[in-house]
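So you can see what is in the structure, the chains are spelled out below.
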Amino acid sequence: MLIRELDLRDATVASTVHAVGLRAYAVEAELIGFDGIPALSESLQDMTARPLRWLGAVTTEGTVAAFVAWQTETAGQHVTHIDRVCVDPAWFRRGLASCLLDHLLAKVTDRGEVRVSTGADNQPAVKLYERLGFSRSVDFEPAPGLRMAQFALHR
């Protein structure tokens, strides 16, 4: 598995990333009991219009198995906001999310604060962030029936 930046200006890459995200978020929706996750209704065009950087776990055949997307604020504090971490369900339980986040934290965002949120009942994601040293802050409810857990890593 190769870890590399993904260029969503490439229509094939963008389409693949969008499909992987839909499959991954469908599983999260079941885990947290909420099917209104915004990314589930996000169009390909809306996804690619977001000002995000993308890092993928890509097989030697070129298949995107997982990805992480983020943006970094450099004005004032140096804060990286992880927007999404998605693993194609066919690639679950192989350490891809950990590998991507390790790479992101060590080689891409080497300083400042890193923030991320996930469904509070998404135990695999909650455990992942805690294992990586993120601290959980106060949960919030952005929509009725959707409880989110917030995490931050201070470096």
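Each remark here, short or long, concerns the structure printed above.
Now for a quick tour of the structure. (Residues numbered from 1 in each chain as written. Predicted model: local features only at pLDDT ≥ 70, side-chain atom pairs only at ≥ 80, totals over all residues. Heavy atoms only, no water.)

1. Structural notes on helix α1 (residues 11–32)
Here is step 1 of the chain: Its 22 residues place the ends of α1 31 Å apart at the C-alpha level, agreeing with the 32 Å of an ideal helix rising 1.5 Å per residue.
Here is step 2 of the chain: Residues Val13, Ala14, Val17, His18, Val20, Gly21, Ala24, Tyr25, Glu28, Ala29 and Ile32 constitute the buried set of α1.
Here is step 3 of the chain: Looking at the buried residues of α1, the elements they touch are α2 (44–49), β2 (53–58), β3 (64–73), β4 (79–87), β5 (113–119) and β8 (146–154).
Here is step 4 of the chain: Between the side-chain oxygen at the start of α1 and the backbone nitrogen of Thr12 there is a gap of 2.8 Å, and the oxygen is on Asp10.
Here is step 5 of the chain: Directly beyond the C-terminal end of α1, a positive phi value near 70° is found at Gly33. (Helix = DSSP H or I, 4+ residues; strand = E, 2+ residues; numbered from the N terminus. Expected span 1.5 Å × (residues − 1). Buried < 20%, exposed > 50% of the residue type's maximum accessible area, 1.4 Å probe, protein only. Contact = heavy atoms within 4.5 Å. Polar contact = N/O pair within 3.5 Å; in protein donor to acceptor, adjacent residues only side chain to side chain.)

2. A few points about the packing of aromatic side chains
Here is step 1 of the chain: Within this structure, the stated rule accounts for 3 aromatic pairs.
Here is step 2 of the chain: When the centroid spacing of 5.5 Å and the interplanar angle of 55° are considered together, the rings of Trp54 and Phe67 count as tilted. Here Trp54, found in strand β2, pairs with Phe67, found in strand β3; they are 13 residues apart in sequence, far enough to count as distant.
Here is step 3 of the chain: With a relative accessible area of 1%, Phe67 lands in the buried category.
Here is step 4 of the chain: Their ring planes at 65° and their centres at 5.6 Å tell us that Tyr129 and Phe134 sit as a pair that is edge-to-face. (Phe/Tyr/Trp six-rings, centres within 6.5 Å; stacked < 30°, edge-to-face > 60°.)

3. Overview of the side chain of Asn122
Here is step 1 of the chain: Its place among the elements puts Asn122 in the loop between β5 and α4 (123–131).
Here is step 2 of the chain: Classification of Asn122 as buried rests on a relative accessible area of 8%.
Here is step 3 of the chain: In terms of polar contacts, Asn122 uses its side chain to reach the side chain of Thr118, at 3.5 Å.

4. A look at the pairing of β5
Here is step 1 of the chain: Burial within β5 is extensive, with 5 of its 7 residues counted as buried.
Here is step 2 of the chain: Across 7 bridges, β5 lies against β8 in antiparallel orientation. By the bridge assignment, Ser117 is partnered in β8 with Gln150. (Pairing = 2+ DSSP bridges.)

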